Amino acid sequence: MNRMPGPPQHQENLNLTLAQRSNLWAPTARGYHAWRAGSLRLLGARGLTLAREADLMTALCRPGPGQRWLDAGTSSGFYAGVLARAGAQVLAADLSAPMLQEAGRRQRGLGIEWRQLNLERSGLPAAGFDGVTVGATLNETHDPARLLSELARLLRPGGQLWLMYLRRTGGPLQAALERAALGGLTFPDPAWVARALPGLRLTHGLNTGAVRFERYEVERSAKGSSAAPGAATRTL
Ligand SMILES: C[S@@+](CC[C@H](N)C(=O)[O-])C[C@H]1O[C@@H](n2cnc3c(N)ncnc32)[C@H](O)[C@@H]1O
């Protein structure tokens, strides 16, 4: 496994959400892939398999040789593997060492670089990536606005940001899971996400059940977030 230690970082353990802390446990890492393969369907995204999700991302983002991508909060390495198989050079980062170990085992031989980092303050150089994938890390991180701002900083002008997250649908279950003692999760509203990404333009937004997919592109010059004409939300 091509595993690089990250720069020294404050682990800020006291600031981690319960969901983040649960991902530091080896049994969570071992069971994560099975959960990931079925959980979106349980959340109302009927017919959404991992293969279909991979096809959607690759069709809209077209990762390929010569591009450098970051998979932010890689867990078992699903997006990292898809990107690497498409020929991209991939850095896959996660807070959790057990997750990185599990990912390295699952996605062996693809030349992916694995790194333990808190992506709310990565210490990585600005504008170093052509693309960033974020599969549900937004729901779990301590400060989603800080995560989005940091990921935007890492993208070059014209770079792409692919987001998959559980959007705010309201209701008692989401309210319970947002409580610190029950997970400290965040279920962002897509309009809030757009406001948290000044300088990026939403090109695609798709809902399937509570699951939201978005593709953003970094404006090459003007600052200020805006939805592109025709970027209205579609339902898969
Ligand atoms: C829902 S899982 C991600 C699943 C994965 N992206 C996928 O699509 O299969 C969230 C992951 O993000 C990691 N994580 C949460 N907050 C993070 C942060 N601030 N920096 C880096 N990793 C983080 C967790 O350790 C966990 O492995």
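Calculation notes
- Residues numbered from 1 in each chain as written.
- Predicted model: local features only at pLDDT ≥ 70, side-chain atom pairs only at ≥ 80, totals over all residues.
- Helix = DSSP H or I, 4+ residues; strand = E, 2+ residues; numbered from the N terminus.
- Buried ≥ 20, exposed ≤ 12 C-beta atoms within 10 Å, placed from the backbone.
- Contact = placed C-beta atoms within 7 Å.

1. Describing the environment of L202
Consideration 1: With respect to the secondary-structure elements, L202 resides in strand 7 (residues 200-208).
Consideration 2: On the neighbour-count criterion, L202 (22 C-beta atoms within 10 Å) is buried.
Consideration 3: Between the C-alpha atom of L202 and that of L161, which follows or precedes it by 41 residues, the distance is 9.2 Å.

2. Some points on helix 4 (residues 78-85)
Consideration 1: Among the eight residues in helix 4, seven count as buried, and that is most of the element.
Consideration 2: Within helix 4, burial applies to F78, Y79, A80, G81, V82, L83 and A84.
Consideration 3: Summarising the contacts, the buried residues of helix 4 are in contact with helix 2 (26-42), helix 3 (50-61), strand 2 (68-72), strand 3 (89-94), helix 5 (97-106) and strand 5 (129-135).
Consideration 4: G87 occupies a position one or two residues after helix 4 and carries a positive phi of about 105°.

3. As for unusual backbone geometry
Consideration 1: Despite not being glycine, A127 has its phi angle at roughly 60°, a positive value.
Consideration 2: The residue A127 is located in the loop between strand 4 (113-116) and strand 5 in this model.
Consideration 3: Not every positive phi belongs to a glycine, and A136 is a case in point at roughly 70°.
Consideration 4: Inspection of the secondary structure puts A136 in the loop between strand 5 and helix 6 (137-140).

These results come straight from atomic positions and should not be treated as a statement about function.
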